[in-house]
Amino acid sequence: MAHRPKRTFRTRRADSSDSDGAEEPSAEPREPAKLAAPSPEEEDPPPGGGRAEAAERPLRGRSPRGRGRVWASSRRPRADRGSGVPESRTVDLSTDKEYGTHHASESVDDQSSSSDNSSSLDEEFSSLAITNEETSEESQEDENQDIWEQQQMKKAVKITEGRDIDLSHNSEFQTVKKFDTSISFSPVNLEIIKKQLNTRLTLLQDTHRSHLREYEKYIEDVKSSENAVQNLENSSNQALSFKFYKSMKIYVENLIDCLNEKIINIQEIESSMHALLLKQAMTFMQRRQDELKHESTYLQQLSRKAETSANESLAIDENTQRILEELESRRARRRQARALSENCDHQEGTSSDDELSSVDMIDFQKSQGDILQDHKKIFEDVHDDFCNVRNILLKFQQWREKFPNSYYKAFIGFCIPKLLNPLIRVQLIDWNPLKFDSIGLKQMSWFISIEEFMDNSVEDSEKEDSSDKKILSTVINKTIIPQLTDFVEFIWDPLSTSQTTSLITHCRMILEEHSTCESEVSKGKQDLLKSIVSRMKKAIEDDVFIPLYPKSAVENKASPQSKFQERQFWSALKLFRNILLWNGLLPDDTLRELGLDKLLNRYLLIALLNAMPGPEVVKKCNQITAYLPEKWFANSAMRTSIPQLENFIQFLLQSAYTLSKSEFRDKVKEIILILVKIRAMNQAESFIEEYHLDHLKSVINEV
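Residues numbered from 1 in each chain as written. Predicted model: local features only at pLDDT ≥ 70, side-chain atom pairs only at ≥ 80, totals over all residues. Heavy atoms only, no water.

### A closer look at the overall build of the protein chain
On a plain count of helices and strands, the protein chain comes out with 22 helices and 2 strands. Per-residue burial over the protein chain gives 36% buried out of 703 residues. A sequence separation of at least 24 residues applies to 75% of the contacts in the protein chain between residues at least 6 apart. When the accessible surface of the protein chain is split by element, carbon and sulfur atoms take 51% of a total near 43,900 Å². (Helix = DSSP H or I, 4+ residues; strand = E, 2+ residues; numbered from the N terminus. Buried < 20%, exposed > 50% of the residue type's maximum accessible area, 1.4 Å probe, protein only. Contact = heavy atoms within 4.5 Å. Areas by Shrake-Rupley, 256 points an atom, 1.4 Å probe, with all protein chains shown as cover.)

### Some words on the pattern of salt bridges
Tallied over the full model, the rule gives 25 salt bridges. Between Lys262 and Asp381 there is a salt bridge, with its nearest N and O atoms 3.0 Å apart. You can see Lys262 sitting in helix H5 (residues 238–308) and its partner Asp381 sitting in the loop between helix H7 (358–376) and helix H8 (389–402), a full 119 residues away along the chain. One salt bridge in this structure joins Asp493 and Arg288, with 2.8 Å as the shortest N-O distance. With Asp493 in the loop between helix H12 (471–490) and helix H13 (497–513) and Arg288 in helix H5, this residue pair connects regions lying 205 residues apart in the sequence. Classification of Asp493 by relative accessible area gives buried; the value is 9%. Accessibility expressed as a relative area gives 18% for Arg288, which makes it buried. Through salt bridges with shared partners, one network takes in Glu295, Glu328, Arg331, Arg335, Glu348 and Arg567. (Salt bridge = Lys/Arg side-chain N within 4 Å of Asp/Glu carboxyl O.)

### Details of the state of the cysteines
Per the counting criterion, the structure on display carries 0 disulfides. The structure places no disulfide on Cys387, whose sulfur is separated from the nearest cysteine sulfur, that of Cys258, by 7.1 Å. Classification of Cys387 as buried rests on a relative accessible area of 18%. (Disulfide = S-S within 2.5 Å.)

### Thoughts on the nonpolar core
Counting residues in hydrophobic clusters, the biggest one holds 126 residues, and the most contacted among them are Trp446 and Trp582. Tallying contributions element by element places H5 first for this core, with 13 residues. Once residues lying within four places of it in the same chain are set aside, the contact partners of Trp446 are Val389, Ile424, Gln427, Leu428, Leu441, Leu472, Val475 and Ile480. (Core = buried A, V, L, I, M, F, W, Y, C linked by side-chain atoms within 4.5 Å.)

### Things to note about the packing of aromatic side chains
Tallying each qualifying case throughout the model produces 14 aromatic pairs. Between Tyr245 and Phe403, the ring centres sit 5.0 Å apart and the planes meet at 40 degrees, which makes this aromatic pair tilted. Pair noted here: Tyr245 is in helix H5 and Phe403 is in the loop between H8 and helix H9 (404–409), with a separation of 158 residues, a long-range link. Phe403 gets classed as buried once you look at its relative accessible area, which sits at 17%. Between Tyr657 and Tyr691, the aromatic rings sit 4.9 Å apart at their centres with planes inclined by 45 degrees, giving tilted as the arrangement. In this pair, Tyr657 is assigned in helix H19 (residues 646–660) and Tyr691 in the loop between helix H21 (681–690) and helix H22 (697–702), connecting sequence segments 34 residues apart. On the basis of relative accessible area, Tyr657 is assigned to the partly exposed category, the value being 33%. Three or more aromatic residues link up through ring pairs in this structure, and these residues are Phe244, Tyr245, Trp399, Phe403, Tyr407 and Tyr408. The side chain of Arg400 reaches across the aromatic face of Phe453, ending 4.1 Å from its centre. (Phe/Tyr/Trp six-rings, centres within 6.5 Å; stacked < 30°, edge-to-face > 60°. Lys NZ or Arg CZ within 6 Å of the ring centre and 35° of its normal.)

### Here's the deal with a nonpolar patch on the surface
A cluster of nonpolar side chains, Val188, Ile193 and Leu197, forms an exposed patch at the surface whose accessible area comes to about 290 Å². One can find Val188 in the loop between helix H3 (133–175) and helix H4 (190–234). (Patch = residues over 30% accessible without salt bridge, like charges linked within 9 Å, V, L, I, M, F, W, Y side chains within 5 Å.)

### Some words on the packing of H8 against helix H10 (residues 412–427)
Where H8 meets H10, the closest approach of the two axes is 10 Å, and the angle between their N-to-C directions is 170 degrees. Classified by the interaxial angle, the pair formed by H8 and H10 is roughly antiparallel. Contact residues: H8 offers Val389, Ile392, Leu393, Phe396 and Trp399, while H10 offers Ile412, Ile416, Leu419, Leu420, Leu423 and Gln427. (Axes fitted to C-alpha atoms, helices over the stretch in contact; angles between N-to-C directions. Parallel < 35°, antiparallel > 145°, perpendicular 65-115°, else oblique.)

### A few points about unusual backbone geometry
In most cases, non-glycine residues show a negative phi, while peptide bonds are predominantly trans. Notably, Arg679 is not glycine yet its phi reads approximately 65 degrees, a positive angle. Following the sequence through the fold, Arg679 ends up in the loop between helix H20 (668–677) and H21.

### Observations regarding the packing of helix H16 (residues 560–580) against helix H17 (residues 588–609)
Direction vectors running N to C along H16 and H17 enclose 165 degrees, while the axes themselves pass 10 Å from each other. On the basis of the axis angle, H16 is roughly antiparallel to H17. Along this stretch, H16 crosses H17, giving a crossing that reads as left-handed. Each of Phe569, Ala572, Leu573, Leu575, Phe576, Ile579 and Leu580 in H16 lies in contact with H17, whose residues at this interface are Leu591, Leu594, Gly595, Leu596, Leu599, Leu600, Leu604, Ala607 and Leu608. Broken down by class, the residue content of the contact of H16 with H17 amounts to 15 nonpolar, 1 polar and no charged. (Left-handed = near helix turned anticlockwise from the far one by under 90°. Nonpolar A, V, L, I, M, F, W, Y, C, P; charged D, E, K, R; others polar.)

### Quick notes on H21
Along H21, the residues classified as buried are Met681, Gln683, Ala684, Phe687 and Ile688. Taken down its axis, H21 places every buried residue within 165 degrees of arc, on the same side. In H21, the exposed residues that point more than 90 degrees away from the buried face are Glu689 and Glu690. (Arc of directions from axis to C-beta.)

### Here's the deal with the side chain of Asn432
Position of Asn432 relative to the elements: it lies in the loop between H10 and helix H11 (445–457). Assessed through its relative accessible area of 13%, Asn432 is described here as buried. Here the side chain of Asn432 touches Leu434 through a polar contact of 3.0 Å, landing on its backbone nitrogen. Residues in contact with Asn432, not counting those within four places in the same chain, are Leu277, Ser438 and Phe487. (Polar contact = N/O pair within 3.5 Å; in protein donor to acceptor, adjacent residues only side chain to side chain.)

### A short note on H8
Here H8 contains 14 residues, and its C-alpha end-to-end distance of 20 Å stays within 8% of the 20 Å for a straight helix at 1.5 Å per residue. The opening residue of H8, the one whose side-chain oxygen lies 2.9 Å from the backbone nitrogen of Arg390, is Asn388. (Expected span 1.5 Å × (residues − 1).)

### Looking at the side chain of Ser559
Take Ser559: it is sitting in the loop between helix H15 (551–554) and H16. On the basis of relative accessibility, which here comes to 9%, the residue Ser559 falls in the buried class. Discounting residues that sit within four places of it in the chain, Ser559 has contacts with Ala553 and Val554.

### Concerning the confidence of the model for the protein chain
A low pLDDT means the predicted coordinates there should not be read in detail. Of all residues in the protein chain, 72% have pLDDT values of 70 or greater, and the mean over the chain is 78. Of the regions scoring below 50 in pLDDT, residues 6–128 engages in 136 contacts with residues more than four places distant in sequence or in other chains. Here residues 171–176 is modelled with pLDDT under 50, and outside its nearest four sequence neighbours on either side it reaches 0 contacts, counting other chains as well. (pLDDT = per-residue confidence, 0-100.)

Now the structure itself:
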């Protein structure tokens, strides 16, 4: 290993060009030396010139941060270079301890080696004619420094190359594997190799096909995406469509929120109004039944008293007396009202008797007014776009006109009835289908708006069978029919002709003109019809009562018994009429069962059989025949009437025979006309032939 030449550090001479700018006193005065010509090696500083400074690094003080900058000259200036500013370099002092220790030890070794080399170098340069000892020593020291640095650089290069060779050799050595001769392998032939290759080929083919399918799918997806992008780019109204759909979505959400919030109030007000009407209806029915019971009891007692002793007074309790007085007072007021209106054809017992006392009427009107006030407040804080049926339908009509495809695909026609249900129910709170002056459904604003909405959809010929055509029928089926069913079950009085007529008017419009599709079975319609039949059966059982009194009690038409019997007969006959008014809405079999079997044959005929034959009986028979539906006898080929009228026909024949032998024989012709009207042709002809009433044959021939 080459030793670094020893460097001598001498006190520098004061020089104006020194970077320190301070004078250093010399140890002893010297004469200025003559400078020898610089050698070529001294033209430029050696490549490793910084090592002289590195040797001094351990001797330098460290900066507070561990690293610092130190200004130092790399080489002493020579006399022949002039008085220019010497070259200076910046040296970084590393804080690495190992680095400093390494260089410190290296500097010690270098100093020791440089001492040995210094003597040989001195001998080498002894032949020179050196005029100045200091100058020659410095130049020689610089040359030795350059040589030493070059040697160190060559050694570093050789060491690095050696390490690279060792690393590559180790890596190659590690990759070498020893072949274990003890391992035995199965014999290999061409068939095995071929089989393995085929297996491998099959797997690759399957993988290829799978990748091919994925590739085709990706191609299709790309094409589909490109088409979608193209369509979106070509659509100039996409922004408007999005804006419309967004606004429609917000509108529907707000509408649903509004209805969900109000539905509770709607139900409460509905219940209050129905409860009020139910209370009123129950008051009328209960009063009628109580009055019927007390009056019947009183007349029975009166009849027994007349049979036993006419001198004894009849004891009546105060409650019965009060009820009978109130009943007679109302009858008197109605007679007075009919007299003023010149209605002389009225029969006692056909009045509905639904007058309220002044106190009850005031209470009813007050309660009804309070409910209607609450009814007006339901949507007072809601904009018309969310509570007006017409405005709501206009919103959906805009959707149908602008984007019909999405409108019909969303089945809006099926959703509209559900949205309108609460709003229509609000308008029906003040609607009473049993009042003769109640507004018809066709005149209601919601009905007109729905019809207009449906009529506008007719223009779309491609959507003739769209759900918009069923909006009105669905609303009637889901909203109106349930309302009517409640009125029929709890409020309707079948004995009231005015209520029945008004109810039939609304039901006929609903069930005939705006019925659901023929293929669709309407459960609501069936429930309504069942409720009507059930309510009429109950009225027959609870409200029909025709008492039978001895002939001595009823011969006098002014007797209380005779008047009571007459009123009850005409009341039952009114119910008979009201039942048959449902002709066309209820099946014929149902009407015949209710009107003919349960009412005519069981009650009316019994009363007629116990009555004295005469003009009054003929009048009642004519009235019964007038109420029978004409379509039951429309077939001109009929010679025999319907079976349910057989008992009535026999009573007519018996009455005709009795009248033919009395002073009222002219009434026989009216009875023959009744038989002809109900198509009892055979019975009428047989009667005429049997009793030789040839003058009545013309009546049959005229028909």
